[in-house]
Amino acid sequence: MSNDTGARSDATEENVDDRLTHDRWAAALEAGEPLGLRCGECGYVTATPKAACVRCGSRDVATVSLPTTGTVYTKSTIEVAPGAQGSGYQIALVDLGDARMLGRIADGQRVDIDDTVELADSYEYDGDLVGVFEPRQ
Ligand SMILES: [Zn+2]
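For clarity, every value in this text was computed on a predicted model and none was experimentally measured.

Basis of the calculations
Residues numbered from 1 in each chain as written. Predicted model: local features only at pLDDT ≥ 70, side-chain atom pairs only at ≥ 80, totals over all residues. Buried ≥ 20, exposed ≤ 12 C-beta atoms within 10 Å, placed from the backbone. Helix = DSSP H or I, 4+ residues; strand = E, 2+ residues; numbered from the N terminus. Pairing = 2+ DSSP bridges.

**Some points on the pairing of strand β1 (residues 35–39)**
One face of the sheet, then the other: side chains in a regular strand alternate in exactly this way. The element β1 is largely enclosed, with a buried count of 4 among its 5 residues. Pairing of β1 with strand β3 (residues 61–65) involves 5 bridges; the strand directions are antiparallel. Note that in β3 the partner of R38 across the bridge is A62. Taken together, the 2 bridges between β1 and strand β2 (residues 45–46) define a ladder with antiparallel strand orientation. The residue bridging R38 from the neighbouring strand is V45, located in β2.

**A few points about unusual backbone geometry**
The phi angle at D114 is positive, at roughly 80 degrees, despite the residue not being glycine. With respect to the helices, strands and loops of the structure, D114 is situated in the loop between β6 (99–105) and β7 (116–125). Assessed through the 9 C-beta atoms surrounding it within 10 Å, D114 is described here as exposed.

**Points about the pairing of β6**
Within β6, 5 of the 7 residues are buried, leaving the element largely enclosed by the surrounding structure. Where strand β5 (residues 89–96) lies against β6, 6 bridges are found, and the strand directions are antiparallel. In the sheet register, A92 faces β6, and the bridge partner there is G103. Pairing of β6 with strand β8 (residues 128–135) involves 3 bridges; the strand directions are parallel. Residue pairing for β8: G103 is matched across the bridge by G131.

What follows is the structure in structure tokens.
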């Protein structure tokens, strides 16, 4: 009886441990080791923590490591930003393996679509964390 309870408790802990919380995701990104989620139903991969697959709604999602090098899918230049975020910097949607991550391009750097970029840092503004990418020569 007590053994059964122990086993259930362990299983629950394992599930909780594998769940990608925002804190775990942010800590990994800050450490330069981006994490994402892969859906067990449809295979869709996201670069941000979600409770369920954004494509099919399945809760069968598993934490996966994402590569730190990717390709610029699209980009935009922020000419005027609110607060003290600077101005004239680029943001980019970066293909990281099977996932797509919105990031900021390092100050003073410029990228174009299809450029190869590498995760170099992270940037926090108003509680939101984004990856900072640099062009790779
Ligand atoms: Zn799915």
